[in-house]
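Report on the structure
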Amino acid sequence: MAGEDNDRQNKGLKLLWILDVQNIPCAREAILHGSGGSVAAGLLYFLATSRVKRSFDVGLVGFVFTTLGSWFYCRINNAYLRVQQRQLQDSIRNKVAYEGTALDPTKKTKAPSDPS
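As a starting point, this report considers the structure included with it. Given the structure is predicted, the values throughout are model-derived calculations rather than measurements.

Brief notes about the pattern of salt bridges
A full pass over the atoms with the stated rule returns 2 salt bridges. Here Lys53 makes a salt bridge to Asp57, at a shortest N to O gap of 3.3 Å. Remark: Asp57 and Lys53 occur in helix α3 (residues 52–98); sequence separation between them is 4 residues, near one turn of the helix. In this structure Lys53 comes out as exposed when scored by relative accessible area, which is 62%. In this structure, Arg93 and Asp90 form a salt bridge, with 2.9 Å as the shortest nitrogen-oxygen distance. Of this pair, Arg93 and Asp90 both sit in helix α3, separated by 3 residues, roughly a single helical turn.

What to know about helix α2 (residues 27–49)
Because an α-helix completes one turn every 3.6 residues, residues spaced three or four positions apart along the sequence face the same direction. Taking 1.5 Å of rise per residue, 23 residues should cover 33 Å, and α2 covers 32 Å from first to last C-alpha, within 8% of that figure. Those residues of α2 lying buried are Ala27, Ala30, Gly34, Gly37, Ser38 and Gly42. In the segment just after α2, Ser50 is the residue with positive phi, at about 60°.

The rules behind the values
- Residues numbered from 1 in each chain as written.
- Predicted model: local features only at pLDDT ≥ 70, side-chain atom pairs only at ≥ 80, totals over all residues.
- Heavy atoms only, no water.
- Salt bridge = Lys/Arg side-chain N within 4 Å of Asp/Glu carboxyl O.
- Helix = DSSP H or I, 4+ residues; strand = E, 2+ residues; numbered from the N terminus.
- Buried < 20%, exposed > 50% of the residue type's maximum accessible area, 1.4 Å probe, protein only.
- Expected span 1.5 Å × (residues − 1).

Purely geometric stuff here, so don't read any function into it on its own.
Pasting the structure below:
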């Protein structure tokens, strides 16, 4: 029994049997933002026009665009953060490697004084 619960936890939550929401970064937030965007778009369109079918269509389009927009925004931010993290790790590694040597960038070299 304990093994079955462990297998269930490792599988994660699959949305439409394709998208693993628990293990894919940004998937959960994108789906939540998309559902909120669809409700807002559909409700506002319905309040403005009182057309039920068209409001559903607007809500569906709102879900797709809000989900994709949130997904790409999150993925781009994560990629940007990974690049910054890699640059920071490289600079820390270089500081440790060059510390105390002549190549140490924090060491100030004295310029030769010109007596003239």
